[in-house]
Amino acid sequence: MNIGFLGLGKMGMPMAMRLLDANFKLTVWNRSPEKTTAPKKAGAIVVSSPSQVATRSEIIISMLNDDTAAIEVFKGNEGLLKNEVKGKLFIEMSTLRPSTVKKLAKSCADKGAAFIDSPVSGTVGPAKEGRLMALVGGNETNLERARPVLEVLTRRIVHVGEVGQGSLMKLVINLPLAVYWYSLGEAAAMGHAGGLKLNVILDVMKDSGASMAAFPKKIPEILGESDLVTFDIDTLYKDVEFILETGMDSRVPMTATQAVLSACEAAKKEGLGSADATELVRFLMKNYENPKK
Ligand code: NAP
């Protein structure tokens, strides 16, 4: 089966490499062409526009930054939908606004193509290991068609509803994650201001009910002992913006989310947009530093 892949970023690159390892015939495109070198070496065909990916592929996966990128890639001058796409299946795996996903699905349907949204839970490590969780919105037939590809990338595929519901589910799980890192910053700032050492705070937290799955692996970054970036503050900010809008549309007050957005905004202003999201913890600690320490 000919698969197309667009977006070779922190997540897209390991996902594309897994598909190549699984012997799928892969055609790739990335806005910055230098990122196509590794997939090319591993056997991928590299093309110079999204429209060429669509022409060469039966199933097309996109793993892009945000809504602007996805709209550009689908509907731009040399976009995926420029040429004949009847019968093809698009799997949109980026984290996007549910409303955008529904519009993309409609544009595909207007051209006779199928579409599912399948954002993922999990970060770069699980992407490398094929241990992501796919949150799928779309009809059964399209999901069954996508399944052989999704199985290479994921440990679990959850069909949550119609197109757009996968994206909504992704925002639902990202809300407590975003609030978690933010609240960890406040907790660490409070403990540190009272004289507790950060490594002690994190060590105790890891072994308590205040831990969560992603936390222990991130301790080196929080302590400043590693500068590994798997999920940056720009991406966190983008997600939190989508979460806030989506929640407020449903008349949920979103008070905690608003606080995270303000913290991300402040961190971005300090030039931390491309830093790992866990940098937010140290940023908040620094901001709240208590003179009595
Ligand atoms: P990333 O490293 O910043 O990669 C983003 C990709 O989008 C790159 O290939 C980039 O191309 C491309 N892109 C950005 N703007 C574009 C535009 N206007 N036109 C075309 N291509 C554009 O981001 P990532 O961390 O891989 O995340 C990708 C998606 O997965 C996001 O929606 C994110 O929310 C979601 N996600 C991320 C994680 C994570 O842990 N990182 C986990 C789950 C879900 P260039 O190479 O040219 O910049």
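Bear in mind the structure is a predicted one, so any value in this text is a computation, not a measurement. (Residues numbered from 1 in each chain as written. Predicted model: local features only at pLDDT ≥ 70, side-chain atom pairs only at ≥ 80, totals over all residues. Heavy atoms only, no water.)

**Some thoughts on the site of the ligand**
The full set close to the ligand counts 26 residues, and Ser32, Lys35, Thr123, Thr230 and Lys238 are the nearest of them. At a separation of 3.4 Å, an oxygen atom of the ligand approaches a polar backbone atom of glycine 9. In the complex, 90% of the free accessible area of the ligand, which totals 900 Å², lies under the protein chains. Taken together, the elements giving at least two residues each to the shell around the ligand come down to helix H4 (67–75) and helix H11 (233–249). With 3 residues, H11 is the largest single contributor of residues to the shell around the ligand. For the shell around the ligand, the per-class residue count stands at 9 nonpolar, 11 polar and 6 charged. (Near = heavy atom within 4 Å. Polar contact = N/O pair within 3.5 Å; in protein donor to acceptor, adjacent residues only side chain to side chain. Areas by Shrake-Rupley, 256 points an atom, 1.4 Å probe, with all protein chains shown as cover. Helix = DSSP H or I, 4+ residues; strand = E, 2+ residues; numbered from the N terminus. Nonpolar A, V, L, I, M, F, W, Y, C, P; charged D, E, K, R; others polar.)

**Let's talk about helix H7 (residues 140–153)**
Spanning 14 residues, H7 covers 19 Å between terminal C-alpha atoms, matching the ideal 20 Å at 1.5 Å per step. Its axis deflected by about 55° at arginine 147, H7 carries its strongest bend there, up to four residues before the proline proline 148. Regarding H7, the residues found buried are Asn142, Leu143, Ala146, Val149, Leu150, Val152 and Leu153. With a side-chain oxygen positioned 3.1 Å from the backbone nitrogen of threonine 141, the residue opening H7 is asparagine 139. (Expected span 1.5 Å × (residues − 1). Bend = angle between axes of the 7 residues up to and from the residue. Buried < 20%, exposed > 50% of the residue type's maximum accessible area, 1.4 Å probe, protein only.)

**Here we look at the nonpolar core**
In terms of nonpolar packing, the biggest core is built from 33 residues, with Phe5 and Leu19 touching the most fellow members. What phenylalanine 5 contacts, discounting residues up to four positions off in sequence, is Gly12, Met15, Ala16, Leu19, Leu26, Thr27, Val28, Trp29, Val53, Ile61 and Met63. In this structure, Leu171, Phe242, Cys264 and Ala277 belong to the second largest nonpolar core, which totals 22 residues. (Core = buried A, V, L, I, M, F, W, Y, C linked by side-chain atoms within 4.5 Å. Contact = heavy atoms within 4.5 Å.)

**Points about unusual backbone geometry**
Notably, asparagine 23 is not glycine yet its phi reads approximately 70°, a positive angle. Phi angles above zero are rare outside glycine, and arginine 251 is one such case at about 65°. Relative to the assigned elements, arginine 251 resides in the loop between H11 and helix H12 (255–269). A relative accessible area of 78% means that arginine 251 is categorised as exposed.

**Describing H11**
A rise of 1.5 Å per residue sets the reference length of H11, with its 17 residues, at 24 Å; its end C-alpha atoms lie 24 Å apart and thus fit the reference within 8%. Counting buried residues along H11, 12 of its 17 residues qualify, which places the element largely inside the surrounding structure. The complete set of buried residues in H11 reads Ile233, Thr235, Leu236, Tyr237, Lys238, Asp239, Val240, Phe242, Ile243, Leu244, Thr246 and Gly247. The inward-facing, buried residues of H11 contact H4, helix H5 (98–110), helix H8 (165–193), H12 and helix H13 (279–287). Of the residues flanking the start of H11, the one acting as N-cap is aspartate 232, its side-chain oxygen 3.4 Å from the backbone nitrogen of aspartate 234.

**Considering the domain arrangement of the chain**
Split into domains, the chain comes out as domain 1 (2–163) and domain 2 (168–289). Each of domain 1 and domain 2 has a C-alpha centre, and the two are 28 Å apart. At the junction of the two partners, domain 1 supplies 15 residues and domain 2 supplies 13 residues. When domain 1 packs against domain 2, close to 1,200 Å² is buried across both sides, 63% of that on carbon and sulfur atoms. Taken as a group, Lys10, Thr95 and Arg97 account for 42% of the area that domain 1 buries against domain 2, more than any other trio of residues on that side. Where domain 1 meets domain 2, there are 5 residue pairs in polar contact (both at pLDDT 80 or more). In the side of domain 1 that touches domain 2, the residues fall into 7 nonpolar, 4 polar and 4 charged. (Domains from an automatic or database assignment. Buried area = accessible area lost by both parts, 1.4 Å probe.)

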